[in-house]
Amino acid sequence: MASNTATMGNLPSGVGICTTIPDILYLPELIFGGLVWILVASTLVVPENPQGWVMFVSVFCFVVTFIWMVVFACGGHQNKGTWAAADFVYHGIAAFFYLSASVALAKVTLDMSSGTNFKNYQIDISAVVFSFVATLLYFIHTILSAIRWKSF
C-alpha cells in the first residue's frame, strides 16, 4: 500500500496503470460498462428515450474510458497536473451520467415488471445492477482522482 500512496502525486504510464490507485479501476469500469451496453442492447428497447440515454452513456463512457486508458498507458499525459485535473473532471461527469442512466434504467425496469416478456425483464435487472456497479466504480475513481490531483 505504501507504493500506491507514494505515487499519488505522479501519473502512471505503461503497466503502471494496472498497479496504481485509482487507475486500476479502468478495467472494471470497462467491463461493467460493456456489460451494461451489451445487456441493454440485447433487450427490447421500449421506451426509447430512457433506454437511448442508457445506451448513449454506456457507449460514450466505454469509448472515452478506453481512450483515456490508452493515453495514460502510452504516457501521453507527460505527468502534468492538468491531466490529473482532467481525469478528476471526466470521471466526475461519467459518474453523474451513469447515476442518471442507472436511475432511468431502474424506473423502466420497474415499469416492465408486470409485462409479459420475463426474459427481457431479467436481462434489464442485470443491466440495472451492473449500471449501479459502474456508477460506484466511476464515483470511487472520481474521489481518488481528486485526492491525486490535490497532491500535485
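Anything mentioned here points back to the structure above.
Starting from 1, residues in each chain are numbered consecutively following that chain's sequence as written. Note on the predicted model: pLDDT of at least 70 is required for a residue's local features to be given, and 80 or more for side-chain atom pairs to be given and counted; whole-chain, interface and lining totals, by contrast, use all residues. The basis for every side-chain value is the complete set of non-hydrogen atoms in the structure, without hydrogens or water.

*Asks:* I keep staring at the overall build of the protein and nothing clicks. Help me out?
*Replies:* Per the convention used, a helix needs a DSSP run of H or I reaching at least four residues, while a strand needs a run of E reaching at least two, with both numbered from the N terminus. Helices and strands together make up the secondary structure of the protein, namely five helices and zero strands. Ordering the α and β elements of the protein from the N terminus gives α-α-α-α-α. Overall, the protein is about 55 × 25 × 25 Å in size when its C-alpha atoms are taken along their principal axes. Only protein chains enter the accessibility calculation, which uses a 1.4 Å probe. A residue is then buried if its area is under 20% of the maximum for its type, exposed if over 50%, and partly exposed in between. Looking at the protein as a whole, 39% of its 152 residues are labelled buried. Across the protein, the fraction of contacts at a sequence separation of at least 24, relative to all contacts at a separation of at least 6, is 78%. Working definition of accessibility: Shrake-Rupley area with a 1.4 Å probe, residue cover restricted to the visible protein chains. Taken as a whole, the protein presents about 7700 Å² of accessible surface, with 76% of it coming from carbon and sulfur. Counted charges follow a simple rule, with Lys and Arg positive, Asp and Glu negative, and His plus the chain ends left uncounted. In plain terms, the charge of a residue is placed at NZ if it is Lys, CZ if Arg, CG if Asp and CD if Glu. Charged side chains in the protein number 5 positive and 6 negative. The centres of these two groups are separated by 9 Å. Contact between two residues is taken to exist if any of their heavy atoms lie within 4.5 Å; hydrogens are not considered.

*Asks:* Would you mind going over the pattern of salt bridges with me for this structure?
*Replies:* Pairing between side chains of opposite charge can happen when the charged atoms of each approach one another. Each reported salt bridge corresponds to a side-chain nitrogen of Lys or Arg within 4 Å of a carboxyl oxygen of Asp or Glu. Counted according to the given criterion, the structure contains three salt bridges. For Asp87, the salt bridge is made with Arg148, and the minimal N-O distance between the two is 2.7 Å. In this pair, Asp87 sits in helix 4 (residues 81-112) while Arg148 sits in helix 5 (residues 118-150), placing the two residues 61 residues apart along the sequence. With respect to class, Asp87 is no different from Arg148; both count as buried.

*Asks:* Which parts of the structure should I look at to understand the packing of aromatic side chains?
*Replies:* By convention here, two paired aromatic rings are described through the distance between centres and the angle between planes. Stacked, tilted and edge-to-face are the three classes assigned to paired rings of Phe, Tyr and Trp, where Trp is represented by its six-membered ring and a pair needs centres within 6.5 Å; plane angles under 30 degrees give stacked, over 60 edge-to-face, the rest tilted. Tallied over the full model, the rule gives 14 aromatic pairs. Ring centres 5.5 Å apart and planes at 20 degrees place the aromatic pair Tyr98 and Tyr138 in the stacked group. You can see Tyr98 sitting in helix 4 and its partner Tyr138 sitting in helix 5, a full 40 residues away along the chain. One aromatic cluster is present, formed by Tyr26, Trp68, Phe72, Trp83 and Tyr90 through successive ring pairs. Directly above the ring of Trp149 sits Lys150, whose terminal nitrogen or CZ lies 4.5 Å from the centroid. Two thresholds decide whether a charge sits over a ring: the Lys NZ or Arg CZ must be within 6 Å of the ring centre and within 35 degrees of the ring normal.

*Asks:* Explain the nonpolar core to me, please; I cannot follow it from the model alone.
*Replies:* Here is a general trend for soluble globular proteins: nonpolar side chains tend to be buried in one another's company. For this analysis, a nonpolar core means a set of buried residues of the types Ala, Val, Leu, Ile, Met, Phe, Trp, Tyr and Cys, connected via side-chain atoms within 4.5 Å. Of all hydrophobic cores here, the largest spans 18 residues; its most connected members are Val40, Val54, Val57, Cys61, Tyr98, Leu105 and Tyr138. Only helix 2 (26-41), helix 3 (48-74), helix 4 and helix 5 provide two or more residues apiece to this core. Residue contributions to this core peak at seven residues, all from helix 4. Those residues in contact with Val54 that sit more than four places away from it in its chain are Val36, Val40, Ala101 and Leu105. Residues Tyr26, Leu30, Met69 and Phe72 belong to the second largest nonpolar core, which totals eight residues.

*Asks:* Whenever I open this one, the environment of His91 confuses me. Can you help?
*Replies:* Along the chain, His91 falls in helix 4. A relative accessible area of 0% means that His91 is categorised as buried. Considered as a pair, His91 and Ile143 are 52 residues apart in the sequence and their alpha carbons are 8.9 Å apart. Excluding residues within four positions of it along the chain, His91 makes contact with Tyr26, Glu29, Trp68, Tyr138, His141 and Thr142.

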